[in-house]
Each structure stands twice: as structure tokens, then as C-alpha cells.
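Residue-level structural notes
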Amino acid sequence: MSSVFTTYVKLGFHHIFNLQAYDHLLFLLALCAIYTLNDWRKVLALVTSFTIGHSITLALSTFNIIKFDTALIEFLIPVTILFTCFTNFFKLKGAATKQRTILSFHNLLAICFGLIHGMGFSNYLKSLLGRGSDTWMQLLAFNIGIELGQLLIVAILLLIAFVLMNVFNAKKRDWIMVLSSAAAGISLILIMETNIF
């Protein structure tokens, strides 16, 4: 693996853990709140669906095929978090276990919302990209880094949920309510702080 490829994988990975990108972290928490460790295949499909979505718009934006209003994207990102939290409140009674692994509404939603989040990633990536024939390779490496970072975050989340439910006897319903309510509250603050108002 070339040093440039490795560098961009690391940049993508660390971008997920960057405090300036906490809205993407918040979205992941909301997206995976309804799942447990037993649902790991569904979570993997879900996170990959999100990556597919944001990879598309990240590429289109990087090569200036699409242009967008940054203020609108900054508004839409917390809206995606709020909407995801809202749907979680209807999935308190085991809806996640009945969900298909690949062809599911939740995965489709993740792809659609990934398209929005990809535009949010793009300004950061544009400031890092070199020029020339390596741009596609850098873009691929950055997306792989983001995917790895996302998978680590949701793995930690699922492990925390497992410990709370199996060691401390917390109820899954309470876990979903607490996590989704907290994410919804923060997303509302982010919405109100955007320049669109």
C-alpha cells in the first residue's frame, strides 16, 4: 500500500473522530441506537449503506460535478439526525430484529442521508486533496478511512449496549430512548444555530 494511500486512509479515519465532525458521529449514534450486538450484520450493512451514499456525493463534489449551498447542507445534516431519532421512537419493540439485513427501509434511508453527509465531508476533503491523476486514489482511501472509523464507533456503541443490557440489566427500550433523545436534543440545537434562519 502506497504511503499516499495510507495517509488518506488515516485522514478519513481521524476525520470521523475530529470534534469538528461530531455531527457525523451523532448521526451514527442515532442510526445504530436500535441495534444490539446480535444485529452486527445489519449494522455492518447499514454503515456500508451510509458510506455508499456519502461516497457518491463526495466524489461528485470533489470533481465539481455538483455544487451546493453550504449553509443548506449544514442545516440538512442535523435534520437527518433528528429524523433518524424520530424514527427510532417507533422501533422500541424489536423492529430492528425483524428488519432485513440488506433490503430494508433503514438502509435506504442511510444511503439517502449519506448523500447529504457526503457534501458535508467534501469541503474538508477538497482542502486536503493533491492535484493530478492520484485524486481518485486519494478519494477511495479517504472513504475507506471513514468507513473504518465508522465501524469502530458502532462497534464501541454495540459493546456498551451489550454491557448495559447484559451486565447492568438495562432495558433496550430505555437505551434507545436515552440515546435517541440526547441526539435529537443536540440536533435541534444545531438546527437553530445554522445560518439558514
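Fair warning: this is a prediction, and the values are worked out from it, not measured in the lab.

Parameters and conventions
Residues numbered from 1 in each chain as written. Predicted model: local features only at pLDDT ≥ 70, side-chain atom pairs only at ≥ 80, totals over all residues. Heavy atoms only, no water. Helix = DSSP H or I, 4+ residues; strand = E, 2+ residues; numbered from the N terminus. Rg over C-alpha atoms; globule rule 2.2 N^0.38 Å. Buried < 20%, exposed > 50% of the residue type's maximum accessible area, 1.4 Å probe, protein only. Contact = heavy atoms within 4.5 Å. Areas by Shrake-Rupley, 256 points an atom, 1.4 Å probe, with all protein chains shown as cover. Disulfide = S-S within 2.5 Å. Phe/Tyr/Trp six-rings, centres within 6.5 Å; stacked < 30°, edge-to-face > 60°.

Quick look at the overall build of the chain
- Assigned secondary structure in the chain consists of 8 helices and 0 strands.
- When its helices and strands are written in sequence order, the chain yields α-α-α-α-α-α-α-α.
- Against the 2.2 N^0.38 benchmark of 16 Å for 197 residues, the chain shows a C-alpha radius of gyration of 17 Å, consistent with a compact globule.
- If you line up the chain on its principal axes, its C-alpha atoms span 55 × 45 × 30 Å.
- Put simply, the chain has 197 residues, and 48% of those count as buried.
- Taking the contacts inside the chain whose residues are at least 6 apart along the sequence as the reference set, 86% of them involve residues at least 24 apart.
- For the chain, the exposed surface amounts to about 10100 Å²; the carbon and sulfur share of it is 69%.

Looking at the state of the cysteines
- Counted according to the given criterion, the structure contains 0 disulfides.
- The thiol of Cys85 is not disulfide-bonded; the next cysteine sulfur, from Cys32, is found 12 Å away.
- For Cys85, a relative accessible area of 0% gives the class buried.
- Of all cysteine sulfurs in the structure, the one in Cys32 sits closest to Cys112, which takes part in no disulfide; the separation is 17 Å.

Quick notes on the packing of aromatic side chains
- Scanning all chains against the criterion turns up 5 aromatic pairs.
- Pairing Phe27 with Phe113 gives two aromatic rings, centres 6.0 Å apart and planes at 70°, and the pair type is edge-to-face. Here Phe113 lies in helix H6 (residues 105-128) and Phe27 lies in helix H2 (residues 22-32), a separation of 86 residues in the sequence.
- Measuring from centroid to centroid gives 5.9 Å for Phe83 and Phe113, while their planes differ by 90°, and the two rings are edge-to-face. Pair noted here: Phe83 is in helix H4 (residues 70-88) and Phe113 is in helix H6, with a separation of 30 residues, a long-range link.
- When its relative accessible area of 13% is taken as the criterion, Phe113 is described as buried.
- Among the aromatic residues, those joined into a cluster by ring pairs are Phe27, Phe50, Phe83 and Phe113.

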